[in-house]
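A structural walkthrough
As a plain string of letters, each chain reads:
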Amino acid sequence: MPTDDSVYSYSAVLMGSPILLKLFSHNEPLASRVFSLIKQYEDLLTVNRAQSQVMDINHAAGEHSVPVSRPVYQLIKCAKASSMLPGSAFNLAIGPLVKRWRIGFKGDSVPPADEIAALLEVTKAEDVLLDDTALSVFLTRKGMEIDLGAIAKGYIADRVRDLLQKEGVTEGLINLGGNVQTLGTPQGYWSIGLKKPFSDADALVGAMEVANKSVVTSGTYERYFEKNGQRYHHILDPKTGYPLDNELDSVTIISTDSLDGDIWTTLLYGAGVEHGCRMLKGRDDIEAIFVTKAREVVLSSRRQFRFTLLDDSYRLIDCTA
Ligand code: AMP
Ligand code: MG
């Protein structure tokens, strides 16, 4: 990646995350348009405010269906399809549990088991009813809530890429709080760092070289709290209602669309290394990097990127599945 003066960086804080845009020509008006586009989608999709199109659906749970704009409908439809895959760890209706745990927000706490059991009853993806003609969404049970927190950034990163392409930008990068989408191949590739879990912000396990690809990471170290020596992180198991507990610290996906990356990080987080590697057989478009608690970096394949290990306390291995 070039380190010369021709890179122009623009930053903002949106969606509760630091946003970084890199361009190769100085273009303040374009950067402003990118940030307003992100804000526009945030306004439609957020569940961290009283009003948005997604919150309108949530407020009407158990009462009536709500028509939404086409992009919101399409994203919800895609999220429901991913949630309905057999054994899926992704669940767009996880909202009531996310709101109760409040992981990463003020007031986080471990809910009593009976509350979790009760909330599991209102987190069923099949109870999200879609109407393709009316572009409307109906949550059939009171208390249900859609939460697109796992995929909104990926979706928006792709829309930023589309805007930049439309504006004739051939080389650029958008980093939406860890969801990276890249355009072009400045000096051959982009180098994207893979964070070292539970370490200083700039500590890296390794680096990937990619071109025209998205790189998305979901990690337990991103948002969590500790109580009585136990760590509770923000990716919940839709079956138990508790944080997913397995051998993983993080999953990174390299793909063309950041939305795919965002969905697959959650799917593979739930699947674990072995099953995850098997799931990727025959998916030439999706590649994964698993970082385990046992300090292994497991690569599903290396078709679309090159990986360099930068921390020798980790062991680099390839999926054998
Ligand atoms: P990410 O950072 O992309 O891994 O997304 C994490 C966010 O997704 C959480 O903060 C929740 O808002 C939401 N979430 C948590 N668990 C799940 C799940 N099992 N399925 C879908 N979304 C989830
Ligand atoms: Mg995600």
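Just so you know, these numbers come straight off a predicted model, no measurement behind them.

This next bit is on the site of ligand 1. Near ligand 1, the surroundings consist of 16 residues, among which A89, N91, D147, S218 and L236 are the closest. Taking D147, its side chain carries an N or O atom lying 3.0 Å from an oxygen atom of ligand 1. In the model, an oxygen atom of ligand 1 is placed 3.4 Å from a nitrogen or oxygen of the R223 side chain. For ligand 1, whose free accessible area comes to 500 Å², the fraction covered by protein is 93%. Partitioning the shell around ligand 1 into residue classes produces eight nonpolar, four polar and four charged. When residues of the shell around ligand 1 are sorted by domain, at least three fall in each of domain 2 (53-139) and domain 3 (185-321).

Once that is clear, we can look at the domain arrangement of the chain. Once the domains are mapped, the chain shows domain 1 (1-44 + 156-183), domain 2 (53-139) and domain 3 (185-321). On a C-alpha basis, the centres of domain 2 and domain 3 stand 25 Å from each other. At the interface, 23 residues of domain 2 touch 20 residues of domain 3. Both faces considered, domain 2 and domain 3 share a buried interface measuring about 1,700 Å² in area, 78% of it formed by carbon and sulfur atoms. On the domain 2 side of the interface with domain 3, the three residues burying the most area are A89, W101 and I103, jointly 34% of the side's total. Where domain 2 touches domain 3, the interface holds zero salt bridges.

Let us now look at the coordination of the magnesium ion (ligand 2). Bound to the magnesium ion (ligand 2) are the protein donor atoms A150 (O) and D262 (OD), situated 2.2 to 2.3 Å from the metal. With a gap of 112 residues between them, A150 in the loop between β5 (136-139) and α6 (152-166) and D262 in helix α7 (residues 258-279) connect regions that are remote in the sequence. The class of D262 is buried, set by a relative accessible area of 5%.

What follows is about the layout of surface pockets. Approximately 220 Å³ is the volume found for the second largest pocket. In terms of lining residues, the second largest pocket is bounded by 15 residues, among which R231, H233, L244, D245 and K293 are the most central. At the level of secondary structure, the elements contributing two or more residues to the lining of the second largest pocket comprise β12 (230-233) and β13 (248-255). Counting residues per element, the lining of the second largest pocket draws most heavily on β12, which supplies four residues. Tallied by class, the residues present in the lining of the second largest pocket amount to seven nonpolar, four polar and four charged.

Moving on to helix α5 (residues 113-120). Among the residues of α5, I116, L119 and L120 are the ones counted as buried. For α5, the buried positions fall inside an angular range of 105° around the axis, keeping them on one side. In this structure, the buried side of α5 is in contact with α4 (95-101).

Here the focus is the sheet that holds strand β4 (residues 128-131). The antiparallel open sheet is built from three strands, whose spatial order is β3-β5-β4. Edge strands, defined here as strands with exactly one partner in the open sheet, are β3 (66-67) and β4. Here β3 pairs with β5 via two bridges, running antiparallel. Across the sheet, residue P67 finds its bridge partner in β5, namely S136. Its contacts with the sheet put helix α3 (residues 70-83) on β4 and β5, and the angle it makes with β4 is roughly 130°.

So, about the packing of aromatic side chains. Enumeration over the complete set of coordinates arrives at eight aromatic pairs. An angle of 55° between the planes, with centres 5.7 Å apart, marks the rings of F24 and W190 as tilted. Remark: W190 occurs in strand β8 (residues 190-195) and F24 occurs in the loop between β2 (17-23) and α1 (28-45); sequence separation between them is 166 residues. Its relative accessible area of 1% is what places W190 among the buried residues. Here the aromatic rings of W101 and Y232 are separated by 5.5 Å at their centres, their planes lie at 35°, and the arrangement is tilted. Here W101, found in helix α4, pairs with Y232, found in strand β12; they are 131 residues apart in sequence, far enough to count as distant.

Here is what the cut-offs are and how they apply
Residues numbered from 1 in each chain as written. Chains lettered and ligands numbered in written order. Predicted model: local features only at pLDDT ≥ 70, side-chain atom pairs only at ≥ 80, totals over all residues. Heavy atoms only, no water. Near = heavy atom within 4 Å. Polar contact = N/O pair within 3.5 Å; in protein donor to acceptor, adjacent residues only side chain to side chain. Areas by Shrake-Rupley, 256 points an atom, 1.4 Å probe, with all protein chains shown as cover. Nonpolar A, V, L, I, M, F, W, Y, C, P; charged D, E, K, R; others polar. Domains from an automatic or database assignment. Contact = heavy atoms within 4.5 Å. Buried area = accessible area lost by both parts, 1.4 Å probe. Salt bridge = Lys/Arg side-chain N within 4 Å of Asp/Glu carboxyl O. Donors = N, O, S within 2.8 Å, 3.2 Å for Na, K, Ca; no water. Helix = DSSP H or I, 4+ residues; strand = E, 2+ residues; numbered from the N terminus. Buried < 20%, exposed > 50% of the residue type's maximum accessible area, 1.4 Å probe, protein only. 1 Å grid on protein atoms, 1.4 Å probe; cavity = no way out; pocket = protein on both sides within 12 Å on 5 of 7 lines; lining within 4 Å. Points joined across faces, edges and corners; volume = space filled by probe spheres on them. Arc of directions from axis to C-beta. Pairing = 2+ DSSP bridges. Axes fitted to C-alpha atoms, helices over the stretch in contact; angles between N-to-C directions. Phe/Tyr/Trp six-rings, centres within 6.5 Å; stacked < 30°, edge-to-face > 60°.

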